[in-house]
Amino acid sequence: MPFSLLKYGLNSDFPYEKHADLPSPSALKSHYDVVIIGGGGHGVATAYYLAKYHGITNVAVLEKGYLGGGNTARNTAVIRSNYLTPEGVKFYTESVKLFKELSNEFDFNIMYSQRGQLTLAHTDAAIRGFRQRVAINKHYGGQSELIDPQQIRELVPSLNMNPADMPVLAGLWHTDGATARHDAVAWGYAKGATSRGVELHQLTEVTDVEVQQDKVTAVQTNRGKISCGAVVQAVSGHSSILAAKAGFKLPITTYPLQAMVTLPVKPFLDPMVSSPSLHCYVQQTSRGELVFGGGSDPYPLYSTRSTMDLKEGLLANAVELFPAIAQMRLMRQWGGLTDMTSDYSPVMGLSPVENYYLDAGWGTWGFKATPICGKTMAQLVAGNGKVPELIKPFSMERFYRFAQVNEMGATAASH
Amino acid sequence: MNNLQRLKEPMGSLIERDRPVTFSFEGQSIVGLAGDSIASALLANNQWLISRSFKYHRPRGPLTMAGQDANTLVQLGGEPNVLADNQVIGAQMQVSGQNYSGSLESDRDALLGHFSRFMPVGFYYRSFFKPMGAWEKWEGFIRKKAGLGVLDLEAKPEYYDKEYLFYDLMVVGAGPAGLSAALKAADAGAQVLLVEEQRLLGGALSYHRFDIQGQQATSTLSSLVDKVQAHQNIQVMLSATCNAWFTDNYLPVIQDKRLFKVRVQECIVASGAFEQHVVFRNNDLPGIMMCSAASRLMKHYAVKPGQRAVVLTGNDTGYLTALDLAEQGVQIAAVVDMRESSLVSELQAAVRDAGIEVLCNSTVYEALATKGNKHVRAVDVRKISAPGEVASQARIIDCDLICMSAGFMPAYQLLCQAGGQLSYSDDTAQFTLSNLPAHLHVAGSVNGVHQLEQVIKDGQRAAGVALHNLSLGDETIEAVTCQSNHNYHWPIFSHPKGKDFVDFDEDLQAADIVNATRLGYRDIQLVKRFSTVGMGPSQGRHSALPTARLVAKATKRTVTQTGITTARPPFVPEKLALSAGRSFNPVRFTSMHHRHIALGAQMIAAGNWRRPAYYGSVEQREQAIQSEALQVRNKVGLIDVSTLGGIEVRGPDAAEFINRIYTFAFLKQPVGKTRYAVLTSEQGVVIDDGVACRIGENHFYVTATTTGVDQVYRQMLKWNAQWRLNIDVANVTSAFSAVNLAGPDARKVLQKLDSDVDLSIEAFPYLACREARIEGIPARLLRVGFVGELGYEIHVPSSCGEALWDLLMAAGKEFDIKPFGVETQRLLRLEKGHIIVGQDTDSMSHPGELSLNWAVSRKKPFFVGSRSVDIVMAQTQTRKLVGFTLDAIIEQPKEGHLVISGDDVAGHVTSCEYSASVGKCIGLAFAAIGDSQPGSSISIRVDSGALVEASVVSLPFFDPDNQRQEL
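These remarks concern the structure in this document. (Residues numbered from 1 in each chain as written. Chains lettered and ligands numbered in written order. Predicted model: local features only at pLDDT ≥ 70, side-chain atom pairs only at ≥ 80, totals over all residues. Heavy atoms only, no water.)

### Some thoughts on the overall build of chain A
When you go through chain A residue by residue, the secondary structure sums to 11 helices and 18 strands. Taken over the C-alpha trace, chain A has a radius of gyration of 21 Å; the compact-globule value for 415 residues is 22 Å, and the two agree within 12%. Taken across its 415 residues, chain A has 66% of its residues classed as buried. In chain A, of all internal contacts separated by at least 6 residues, the share reaching a separation of at least 24 is 76%. Taken as a whole, chain A presents about 13,500 Å² of accessible surface, with 52% of it coming from carbon and sulfur. Within chain A, one finds 36 positive and 35 negative side-chain charges whose respective centroids are separated by 2 Å. (Helix = DSSP H or I, 4+ residues; strand = E, 2+ residues; numbered from the N terminus. Rg over C-alpha atoms; globule rule 2.2 N^0.38 Å. Buried < 20%, exposed > 50% of the residue type's maximum accessible area, 1.4 Å probe, protein only. Contact = heavy atoms within 4.5 Å. Areas by Shrake-Rupley, 256 points an atom, 1.4 Å probe, with all protein chains shown as cover. Lys, Arg positive; Asp, Glu negative; His and termini not counted. Charge placed at Lys NZ, Arg CZ, Asp CG, Glu CD.)

Right under this line is the structure:
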């Protein structure tokens, strides 16, 4: 047992106030230099990097619910960088690098767990796509390789090599693939940001955005009006709704995305396993539960309800992949909202409104980008709108230039 | 105790006393009675230790006896996490405990409990990661400790299936409210499905005592049950769980190995309430259970739960349980009532009259354990001095059983899944549910109604509302109120030494919850996520209320302001096999499938279809493909192309429709001609291609790619929903089978067959199409050139596909005809530089990049994607799909390899094969626009990491003037 635990056990008064990770609620000021709308991972990460690396601390993070309670809480915590486009691979590879050091940077364990991600090919077309992704990953410093069925058998002995009559022909083995405790990522950022003077206001909903002469000047909240120098919107799942309040339309359609978790069993599955053909991915958490995810729901909706259809389809395929788990028991099914773009890449950077910065379009790939988003969004804000190179390809106006960053093939059901 | 010492009848309604059943627990043989649950049989044999807790590995025994807690999770053979208090025993069952090191009886990991002070709530967030890299070592160790049961990875799949049911009304729960609701609705003519989770009807009527004399439940039960069972309009499902509420009353009911998917117009949830525990030190010891659990043990299983009991209560239930226990010979050491005095004084008097000591305004402050925390042996009872606080003077009372009842939490899960909101009054400690959707109703104790007469009325009231909605009744409906209060407002007595469990699943103590708020996690959801309270197998059934109370107090809010965490499906953990059902993976065979198999084809998947890849052994793959290709080039080959999509477009506007959908010009396409058809998306990306045949003035037959046809068909329907052109679109893919007869001798083969079409080059030139009869088979003949040889695509009704194949193979015999597969076709078309959409294109490819400008009409006003195509084609192009050849092959590039230009990725190889006809390795790749002219060279990075230089050449690679296909 680590010595660091002794101090809690031998200290009869733990926790002192000084141990608190998050400050108690405080009053809202009438002005902040920067207002970040959305207290999820991305919002607090942006605040953290602003405070720690740019010395900008007159910052309020406004969260309508609770810290990290939106898609930060609802995703399946997968971290990977094995995308298809050079722009995407560069971006997510930087994110993975940051993730690996977060626990020590925060002094708060996010339980980063690098167990690798295995994506299965059941068709020749998939093998071609994987070979391309491996090559691009390697070119930009990521860790991926194409492996054969024998290697797959050794890596995941419990896997059915012919699920749903679709033989496993090859695998994309991404050793960088990892998970982290998703909530802890948001808490670690919030802890680091608030300890440097950033204010986190939960239960504070932005009801309107005031724009004068194409420039943002203030936000209205359920707790009053706040004037501000700049606004960052980081409200994955509701990006279009908030952007409409700021007076513009985003190229986003919002679909529910569901996931599920079983009762825990003793560990038998280390890597995350995903089959794009079966629209299913599976990972076993540090608690021993299996987590399942699949594709977004087939129609747009602003509701996080669960459906029977999705459960049946997803679990049928999960059982095809791992027949033994038919005996396991499902404990919980839930949903989140995914802001999908037509090219499966985010919308980041400038907006039509001056000093109103976008961190949107996070579809099913938002959690894994949390650190790099925070870092680059902070650079964007601190640089008064000078867009960092890494996120230039993701600008909103790419859709007007037909300059999409298409990650469709590397995204579907492989999170 | 053994089975001979079971309680006398009428105790034991679920067991058959003359049918012993032997099973094993932890390797020991156990004899129970038929009808016993694993847990009741174990208790009857004095085996109280059933499981070890998740974190501290504390001994645990039954808590609810109704499958509502995680204390009885056991391993049943290869199946983990089985609820021992629900699972009926069977002969030879092999049951064992879970989550221990050594044995269940002596678990080495139980030491962890002694170190709990060093593991405060969320300790893992504060430790294990320093110095950098330390976590990687700790992680493996911690991961091994995770999980409860063990999954048998060799388990063979069992048969599970599904069934659809349709009823006017579903009643969830067959307690007094559910039974009376079902009866009332059925009497009025509604078709009712009554779903009960337990094995018998009656709910609380089957085990709970409602009155001093103990008569009311039995008489009410028999009258209700008799009527329900006799009613023609009521279908009863026992041991069946309505496990979720999905939108519009779409209700999954699980029973044994079947998932019933039930649609009902109206649904009444009479799911009852979960009895709540009292938080005190060591409240988790075996021998401590809910009052209802003790009642169930006696009345359902005739098992005497202990010899000497202390009843700890915050409501009248405890008194009634004490009477039940006393009647069955359990000595009652005391009834400890947390309230000032009982609300029903006659009840208290009755208990005192039975010689039972009643201690009011008191609580159990600590349970004292036998060695190893194996069982409760005594209690430390104290006066309550203030909410949650006790006097210093202790009275120790010996006992081997504690029955507790802090109150009842509505079984609100289904209702909250439907959007219902649960609120709680801090003054009255009562719950209310609001905001339910239409057609979903609530009745009985889940609705806060507890007195039996009122419960029955409430069931009838809910039925009245449902009947009104069903147009089967129109009586005025009056609300039912309930005066009695079942919830004690503060049943939480923290102990400085802890082990005062709020959440048994996760081993969370009162201080853990409070400390989470002190660390800044003040929102109930954050408390849950930080402490993991309510995240265990029982999903907060018992922890939600005390947690909400503790958080409310610690953050100076009310319980309603604090709220409770979200209820999500399923209601109880359900086997994945139930949702998965029967394995159903439909596969499509063409009408010629069996011929391919007979000819030794290697079949590959193309969507759901199976197609021949090539003919021959896997070891001979390369040779087979090369020889099939040469056969087509030199003589004649036959390929099954039945999987190609086929779409009929008919009507006066057919030409206009095709002209809008596809990029080429089709308005003036002559009848009897085919034309290449490219489909772009609204983003201007090429998404499919095929051939449009004008069969008649108002009739087009269009082909599409095998995997693309469904999408093409949907797009066509979608667009015409807007355009409203006078046409009809039909996907006839399965209606037609087709072959491509290709090679220099193709005409000669076809001429051998009796047909009514002139095959001469003048009468039937390249790109023409004809309707004809071949040996009596109605056929559509298309002269197309995908593989670049003289060829006929012959489309016939699928019923004639096999006959056509046989006729052509027979006719071709003298020309040495050979079948060829899809992989061979891939090589042949590559030699001709023809793209395969999806392989040689990606999600950004516009027609310009693919050199398909010739297939895009610039003259017509519109086609789907035309605006985007115009814009992107006007932009500076950055890449282009080019043909390349490799003279000396050191390492052949593979599809997916990158084209490297300086430090950048310029593109990738999309197709690459060795061509015997060309005598080189040939391929297609995306290259930087500057390197796209024939004569340029591109660098391809192959598997070894080396860069291979390839020459960009003009297309096609073979027969550059395309003379062969026009013969």
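### As for the packing of aromatic side chains
Tallying each qualifying case throughout the model produces 37 aromatic pairs over all chains. Ring plane angle 40° and centroid distance 6.0 Å describe the contact between tyrosine 344 of chain A and tryptophan 365 of chain A, whose orientation is recorded as tilted. Here tryptophan 365 of chain A lies in the loop between strand 18 (356-360) and helix 10 (370-382) and tyrosine 344 of chain A lies in the loop between strand 16 (329-340) and strand 17 (347-350), a separation of 21 residues in the sequence. Three or more aromatic residues joined by ring pairs make a cluster, and in this case those are Phe108 and Trp187 of chain A together with Phe123, Tyr124, Tyr125, Phe128, Trp135, Trp138, Phe141, Tyr521 and Phe530 of chain B. In this structure, arginine 263 of chain B is placed above the aromatic ring of tyrosine 250 of chain B, and the distance from its NZ or CZ to the ring centre is 4.1 Å. Between arginine 675 of chain B and the ring centre of phenylalanine 664 of chain B, over which it is positioned, the NZ or CZ distance is 5.9 Å. (Phe/Tyr/Trp six-rings, centres within 6.5 Å; stacked < 30°, edge-to-face > 60°. Lys NZ or Arg CZ within 6 Å of the ring centre and 35° of its normal.)

### Considering the packing of helix 4 (residues 86-106) of chain A against helix 7 (residues 182-194) of chain A
Residue and element names in this part refer to chain A. Across the interface, helix 4 lies against helix 7 with an axial gap of 10 Å and an inter-helix angle of 45°. By the angle between their axes, helix 4 is oblique relative to helix 7. When you trace helix 4 past helix 7, the crossing you get is left-handed. Side by side, helix 4 and helix 7 meet where Phe99, Leu102 and Phe106 of the first sit next to Val185, Gly188, Tyr189 and Lys191 of the second. Partitioning the contact of helix 4 with helix 7 into residue classes produces five nonpolar, one polar and one charged. (Axes fitted to C-alpha atoms, helices over the stretch in contact; angles between N-to-C directions. Parallel < 35°, antiparallel > 145°, perpendicular 65-115°, else oblique. Left-handed = near helix turned anticlockwise from the far one by under 90°. Nonpolar A, V, L, I, M, F, W, Y, C, P; charged D, E, K, R; others polar.)

### Things to note about the pairing of strand 9 (residues 206-212) of chain A
Residue and element names in this part refer to chain A. Where strand 9 lies against strand 10 (residues 215-221), six bridges are found, and the strand directions are antiparallel. Each bridged residue has a counterpart across the sheet, and for valine 206 the counterpart in strand 10 is threonine 221. The hairpin turn running from strand 9 into strand 10, its antiparallel successor, is two residues long, and glutamine 213 in that turn takes a positive phi close to 50°. (Pairing = 2+ DSSP bridges.)

### Regarding the interface of chain A and chain B
Taken together, the contacts link 94 residues of chain A with 99 residues of chain B. For the chain A and chain B pair, buried surface summed over both sides reaches about 9,000 Å², with 57% attributable to carbon and sulfur atoms. There are 11 salt bridges connecting chain A and chain B. For lysine 162 of chain B, the salt bridge goes to glutamate 312 of chain A, with nearest N and O atoms at 2.7 Å. Applying the counting criterion to the chain A and chain B interface returns 53 residue pairs in polar contact (both at pLDDT 80 or more). Those elements giving two or more residues to the side of chain A that touches chain B turn out to be helix 1 (6-9), helix 3 (71-74), helix 4, helix 5 (124-139), helix 7, helix 9 (308-321) and strand 16 of chain A. The element that contributes the greatest number of residues to the side of chain A that touches chain B is helix 9 of chain A, accounting for eight residues. Across the side of chain A that touches chain B, the residue classes tally to 43 nonpolar, 26 polar and 25 charged. (Buried area = accessible area lost by both parts, 1.4 Å probe. Salt bridge = Lys/Arg side-chain N within 4 Å of Asp/Glu carboxyl O. Polar contact = N/O pair within 3.5 Å; in protein donor to acceptor, adjacent residues only side chain to side chain.)

### A look at empty space enclosed by the protein
For the structure shown, the criterion picks out nine cavities of 30 Å³ or more. A volume near 140 Å³ is recorded for the largest cavity. If you trace the largest cavity, you find 16 residues lining it, with Arg332 of chain A together with Gln539, Gly540, Thr566 and Ala567 of chain B closest to the centre. Its residues placed into classes, the lining of the largest cavity shows five nonpolar, seven polar and four charged. The computed volume of the second largest cavity comes to approximately 120 Å³. Taken together, 13 residues make up the lining of the second largest cavity; nearest its centre are Arg52, Ser53, Phe54, Ala70 and Leu148 of chain B. In the lining of the second largest cavity, the residues fall into six nonpolar, four polar and three charged. (1 Å grid on protein atoms, 1.4 Å probe; cavity = no way out; pocket = protein on both sides within 12 Å on 5 of 7 lines; lining within 4 Å. Points joined across faces, edges and corners; volume = space filled by probe spheres on them.)

### Focus on the sheet that holds strand 36 (residues 686-696) of chain B
Residue and element names in this part refer to chain B. Spatially, five strands are ordered 35-36-37-34-38 in an open sheet, and the strand pairing comes out antiparallel. Edge positions in the sheet fall to strand 35 (674-680) and strand 38 (728-731), since each of these pairs with one other strand and no more. Going from strand to strand, the sheet's axes swing by 25° on average, the running direction of each strand aside. Sheet topology places strand 36 next to strand 37 (residues 699-704); four bridges connect them, and they run antiparallel. Residue pairing across strands places cysteine 693 opposite tyrosine 701, the latter belonging to strand 37.

### Considerations on the sheet that holds strand 43 (residues 818-819) of chain B
Residue and element names in this part refer to chain B. Judged by pairing direction, the sheet is mixed, and its six strands sit side by side in the order 40-41-42-39-33-43 without closing on themselves. Of all strands in the sheet, those bounded by a partner on one side alone are strand 40 (769-774) and strand 43. As defined by bridge partners, strand 33 (residues 637-640) adjoins strand 43 across two bridges and the pair is classed as parallel. Bridging across to strand 43, glycine 637 finds its partner in lysine 818.

### Topic: unusual backbone geometry
Cis peptide bonds are those with omega within 30 degrees of zero, and the linkage from glutamate 9 of chain B to proline 10 of chain B qualifies with 10°. Summarising the element assignment, proline 10 of chain B is placed in the segment before strand 1 (16-25). Residue leucine 955 of chain B is joined to proline 956 of chain B through a cis peptide bond whose omega torsion reads -5°. In this structure, proline 956 of chain B sits in the segment after strand 49 (947-953). Phi at aspartate 214 of chain A takes a positive value of approximately 60°, unusual for a residue other than glycine. Structurally, aspartate 214 of chain A is set in the loop between strand 9 and strand 10.

### Quick word on the nonpolar core
Phe91 of chain A together with Met170 and Leu325 of chain B are the most contacted members of the largest nonpolar core, which totals 220 residues. In contact with leucine 325 of chain B, other than residues within four places in its own chain, are Ala294, Met298, Pro305, Ala309, Val311, Val330, Ile332, Leu401 and Cys403 of chain B. Ranked by size, the runner-up nonpolar core spans 41 residues in total, among them Leu118, Val156 and Cys280 of chain A together with Ile254 of chain B. (Core = buried A, V, L, I, M, F, W, Y, C linked by side-chain atoms within 4.5 Å.)

### A few points about helix 7 of chain A
Spanning 13 residues, helix 7 of chain A covers 19 Å between terminal C-alpha atoms, matching the ideal 18 Å at 1.5 Å per step. Of all 13 residues making up helix 7 of chain A, 13 are buried, and the element is well covered by its neighbours. (Expected span 1.5 Å × (residues − 1).)

### Observations regarding the side chain of histidine 795 of chain B
Residues and elements named next belong to chain B. Within the secondary structure, histidine 795 sits in strand 42 (residues 791-797). Classification of histidine 795 by relative accessible area gives buried; the value is 3%. In terms of polar contacts, histidine 795 uses its side chain to reach the side chain of glutamate 793, at 2.8 Å. Sequence-distant contacts of histidine 795, defined by excluding residues within four places in its chain, comprise Tyr701, Thr703, Phe736, Ser737, Ala738, Pro778, Ala779, Arg780 and Leu782.

### Remarks on helix 6 (residues 317-327) of chain B
Residues and elements named next belong to chain B. In terms of residue burial, helix 6 counts as a mostly covered element, since nine of its 11 residues are buried. Within the sequence span of helix 6, burial applies to Thr317, Gly318, Tyr319, Leu320, Thr321, Ala322, Leu323, Asp324 and Leu325. Following helix 6 by one or two positions, glycine 329 adopts a phi angle in the positive range, close to 90°.

### Regarding the side chain of threonine 841 of chain B
Residues and elements named next belong to chain B. The topology assignment puts threonine 841 in the loop between helix 21 (822-831) and helix 22 (866-874). Looking at threonine 841, the relative accessible area reads 7%, which means it is buried. A polar atom in the side chain of threonine 841 sits 2.8 Å from the backbone nitrogen of glycine 838. Among all residues touching threonine 841, those that are not within four sequence positions of it are Val686, Ile835, Ile836, Leu850 and Phe926.

Nothing here speaks to function; it is geometry throughout.
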